[in-house]
Amino acid sequence: LFMISTILYSLKDAAERDRLTGTTFIQLNWMLALWSSLVGIGQAIYPMGFVLYRGIAMLSFSLLFVTKAVKSQVQKRQQAAADRKALSSGE
């Protein structure tokens, strides 16, 4: 739990500084998405078979991280394409 809290704080700080397009922060978003998905699945199947509503909160929580990771990757690719275009037009 301490590690997850540290990662969340790092992502919060990166969001405040508008730095979420960095590779490290994208990977942290994916890691938290995977973690919350696994916790959601674990909550859904434990202790008495598969009960989807028990894990729905964590599964929906993981969607927030997946969405942000995908958006950050798209922004990073767009920025790289813009940088390449500016570099090639400057030559």
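See the structure printed just above.
This is a predicted model, so every value here is computed, not measured. (Residues numbered from 1 in each chain as written. Predicted model: local features only at pLDDT ≥ 70, side-chain atom pairs only at ≥ 80, totals over all residues. Heavy atoms only, no water.)

### Description of the overall build of the protein chain
Counting its secondary structure elements, the protein chain contains 3 helices and 0 strands. Counting from the amino terminus, the protein chain carries its helices and strands in the arrangement α-α-α. Here the C-alpha radius of gyration of the protein chain, 17 Å, is well above what a compact globule of 91 residues would show, namely 12 Å. Projected onto the principal axes, the alpha-carbon positions of the protein chain cover approximately 65 × 25 × 15 Å. Within the span of the protein chain, comprising 91 residues, buried residues form 23% of the whole. The contacts of the protein chain with a sequence gap of at least 6 include a subset with a gap of at least 24, amounting to 50%. A total accessible area of about 6600 Å² is found for the protein chain, and carbon and sulfur atoms account for 66% of it. Charge separation in the protein chain, taken as the distance between the mean sites of 10 positive and 5 negative side-chain charges, equals 9 Å. (Helix = DSSP H or I, 4+ residues; strand = E, 2+ residues; numbered from the N terminus. Rg over C-alpha atoms; globule rule 2.2 N^0.38 Å. Buried < 20%, exposed > 50% of the residue type's maximum accessible area, 1.4 Å probe, protein only. Contact = heavy atoms within 4.5 Å. Areas by Shrake-Rupley, 256 points an atom, 1.4 Å probe, with all protein chains shown as cover. Lys, Arg positive; Asp, Glu negative; His and termini not counted. Charge placed at Lys NZ, Arg CZ, Asp CG, Glu CD.)

### Digging into the packing of helix α1 (residues 2-16) against helix α2 (residues 23-45)
Look at α1 against α2: their axes get within 10 Å of each other, and the N-to-C directions meet at 140°. Taken as axis vectors, α1 and α2 run oblique relative to one another. The chirality of how α1 crosses α2 is left-handed. Contact residues: Ile-4, Ile-7, Leu-8, Ser-10, Leu-11 and Ala-14 in α1; Phe-25, Leu-28, Asn-29, Met-31, Leu-32 and Trp-35 in α2. For the contact of α1 with α2, the residue count by class is 10 nonpolar, 2 polar and no charged. (Axes fitted to C-alpha atoms, helices over the stretch in contact; angles between N-to-C directions. Parallel < 35°, antiparallel > 145°, perpendicular 65-115°, else oblique. Left-handed = near helix turned anticlockwise from the far one by under 90°. Nonpolar A, V, L, I, M, F, W, Y, C, P; charged D, E, K, R; others polar.)

### Let's talk about α2
With 23 residues, α2 extends 33 Å between its outermost C-alpha atoms, agreeing within 8% with the 33 Å of an ideal straight helix rising 1.5 Å per residue. Along α2, the residues classified as buried are Phe-25, Ile-26, Leu-28, Asn-29, Leu-32, Ala-33, Ser-36, Gly-40 and Ala-44. (Expected span 1.5 Å × (residues − 1).)

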